[in-house]
Amino acid sequence: MDHARKIDGADGGAGGAADGPRAPDGCAGGVGRRDFLAGVLKLAGGAFVIVAGGAGLASTGEAAAKPGEGYDWNEHRYAYLVDTEKCIGCGSCVRACRAENDVPDDFYRTWVERYVVGLDGSKVDSPRGGIDGFPPEQTAFTPTKAFFVPKICNHCTETPCIQVCPVGASYRTRDGVVLVDGERCIGCGYCVQACPYGSRFLSPRTHTAEKCTWCYHRITKGLKPACVEVCPTGTRQFGDLRRADDPVRLAIERERVQILQPHLLTEPNCYYLHLDKEVR
Amino acid sequence: MEHARHVFRAALVLAVATAVVFLGRSLLVPRSYGDYGPYRADNVAEQARVRAPRHGGPASCAGCHAKQAEVRAAGSHKTVSCEVCHAPLAVHVDGTAVKGKMPVDRSFTLCARCHRRIAGRPEKFKQVVLEQHVQGPLESGACLECHDPHSPKL
């Protein structure tokens, strides 16, 4: 009976265009090709969900990672504070960063900018990142105010740089530090372009992205980043938001602090005191 | 019977494809990738021990150079870490063994980096116009003839 109907359907192919080519719905107790393929797809989908779900469960069940001996990254959430009124532009921080992190020549993980501002204009300079300090300044306009602004990776909570990394080399640790895995980085430079603060560069030595790590090898041992360690005026401060009595946390909680380029919604973790409107 | 063979063939192809995907994935994806997010979790520990800290802070100098440390701590350069003018601790010592000579910069540029009067420095901060402040040529050691760098106030 079924067999006869199938042949009928095939014969009336021209006339039955409206209902399209129809698969045989069962021949001699077997399974039709369409049913079979649909079944296989469902089965494969189900198997994939089970396997993927299992893998996901396995990974979340792992023990807490320990970046260093006796260091738990869940107990820290770092923040950086810059008081621009105190900076004298000596460049000690830039030199210390270079010495501590072996930063390639002519590249900077931190730098100092000088703003000279008048009613008729403004000028920003940062000769060699301020590593040798600053020379006297000549401007075409009459300056009414001038100040230094140290810059560094903002270690944003909503990072543009991590989002664009195609290989998962950029990431943010649980203690709030944005790092680059040099082993995974393919040096495509997307993150360098994505960072609105210019904090990243491609190292001429490794050809991978490099940036400030807040001296992760120091802070995980309870030390301060090198730039903070050498700052003679207390312009640069480093703190832990998980500690209730931390001076940086208190300053962020109680003072009028600012962040760089807030309109980009990157949620920086570098806070600035006494920042001028000219600073980007 | 023939249908069973078809099913078997298709199932075999599916099984092989699945095996290839999982084998390839296990070879290409690093072991700790995805433990905490889309990154290699082992890198966190690697970054923490990427190198030994090179700056030791003033306390690490005071162990051997107690006299200078005392003078510095009592003077107006008390907030200036030793390593600002000298060099990182790692240049000088390795653990407790002396590794190399600590550089001593006696040039006026060392002082000028902080104390030369230029636009941008806070008004309250001690600054000098070098040409007015120093009589004679600006040569190496000019500042140190009058000032002790560890306690510069006269």
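Residues numbered from 1 in each chain as written. Chains lettered and ligands numbered in written order. Predicted model: local features only at pLDDT ≥ 70, side-chain atom pairs only at ≥ 80, totals over all residues.

## Points about the overall build of chain A
Stage number 1. Counting secondary structure elements, chain A contains eight helices and 11 strands.
Stage number 2. At a minimum sequence separation of 6, the contacts of chain A that also span at least 24 residues come to 60%. (Helix = DSSP H or I, 4+ residues; strand = E, 2+ residues; numbered from the N terminus. Contact = placed C-beta atoms within 7 Å.)

## Some words on the overall build of chain B
Stage number 1. Each helix and strand counted, chain B has eight helices and two strands in total.
Stage number 2. Written out in order from the N terminus, the α and β elements of chain B read α-α-α-α-α-α-β-β-α-α.
Stage number 3. Computed over its C-alpha atoms, the radius of gyration of chain B comes to 32 Å, more than 25% above the 15 Å expected for a compact globule of 154 residues.
Stage number 4. Summarising its shape, the C-alpha atoms of chain B cover approximately 110 × 40 × 25 Å along the three principal directions.
Stage number 5. Restricting the contact set of chain B to residue pairs at least 6 apart, pairs at least 24 apart contribute 47%. (Rg over C-alpha atoms; globule rule 2.2 N^0.38 Å.)

## A word on the interface of chain A and chain B
Stage number 1. Each partner contributes residues to the interface: chain A has 50 residues there, and chain B has 38 residues.
Stage number 2. Elements that contribute at least two residues to the side of chain A that touches chain B include exactly α2 (33–60), α3 (92–101), β2 (110–118), β4 (145–152), α6 (216–219) and α7 (226–230) of chain A.

## Here we look at the pairing of β4(A)
Looking along a regular strand, one sees the side chains alternate between the two faces of the sheet.
All names here are of chain A.
Stage number 1. With respect to burial, β4 is a largely interior element, seven of its eight residues being buried.
Stage number 2. The pairing of β2 with β4 spans eight bridges and is antiparallel. Looking across to β4, one finds that Trp111 is bridged to Lys151. (Buried ≥ 20, exposed ≤ 12 C-beta atoms within 10 Å, placed from the backbone. Pairing = 2+ DSSP bridges.)

## What to know about the sheet that holds strand β3 (residues 121–125) of chain A
Residue and element names in this part refer to chain A.
Stage number 1. Spatially, β3-β2-β4 is the arrangement adopted by the three strands of the open sheet, whose pairing is antiparallel. Only two strands of the sheet have a single partner each, and these edge strands are β3 and β4. Across the sheet, the mean angle from the axis of one strand to that of its neighbour is 20 degrees, orientation sign disregarded.
Stage number 2. Strands in contact with α3 are β2 and β4; relative to β2, the strand with the most contacts, it is inclined by about 160 degrees. (Axes fitted to C-alpha atoms, helices over the stretch in contact; angles between N-to-C directions.)

## Considerations on the domain arrangement of chain B
As a measure of interface size, the accessible area lost when the parts come together is often cited.
Residue and element names in this part refer to chain B.
Stage number 1. Along its sequence, chain B is organised into domain 1 (2–48), domain 2 (53–104) and domain 3 (105–154).
Stage number 2. Between the C-alpha centres of domain 2 and domain 3 there is a distance of 21 Å.
Stage number 3. Facing the 10 residues of domain 2 at the interface are eight residues of domain 3. (Domains from an automatic or database assignment.)

## Let's talk about the confidence of the model for chain B
Stage number 1. In the predicted model, chain B carries a mean pLDDT of 91, and the fraction of residues at 70 or more is 100%.
Stage number 2. Confidence metrics for the complex model read pTM 0.81 and ipTM 0.88. (pLDDT = per-residue confidence, 0-100.)

## Some details on the environment of A:Gly189
Stage number 1. Counting through the fold element by element, A:Gly189 comes out in the loop between β6 (178–180) and α5 (190–194).
Stage number 2. Each C-alpha atom of the pair A:Gly189 and A:Cys161 lies 9.8 Å from the other, and the pair is 28 residues apart in sequence.

## Examining the sheet that holds strand β10 (residues 257–258) of chain A
Stage number 1. Strand order across the open sheet formed by four strands is β9-β1-β11-β10 (chain A), with mixed pairing between neighbours. Every interior strand has two partners, whereas the edge strands, β9 (236–240) and β10 of chain A, have only one.

## Brief notes about α3(A)
Stage number 1. Of all 10 residues that make up α3(A), nine are buried, and the element is covered over most of its length.
Stage number 2. Within α3(A) the residues assigned to the buried category are A:Ser92, A:Cys93, A:Val94, A:Arg95, A:Ala96, A:Cys97, A:Arg98, A:Glu100 and A:Asn101.
Stage number 3. The elements touched by buried residues of α3(A) are β2, β4, α7 and β9 of chain A together with α5 (82–85) of chain B.
Stage number 4. Trailing α3(A) by a residue or two, A:Asp102 shows a phi angle of about 55 degrees, which is positive.

## Regarding unusual backbone geometry
All names here are of chain A.
Stage number 1. In the Ramachandran plot, Gln261 falls in the positive-phi region, its phi being about 50 degrees despite a non-glycine side chain.
Stage number 2. Within the fold, Gln261 resides in the loop between β10 and β11 (270–273).
Stage number 3. With 13 C-beta atoms packed within 10 Å, Gln261 lands in the partly exposed category.
Stage number 4. One non-glycine residue with positive phi stands out, namely Glu267, at about 50 degrees.
Stage number 5. Mapped onto the secondary structure, Glu267 falls in the loop between β10 and β11.

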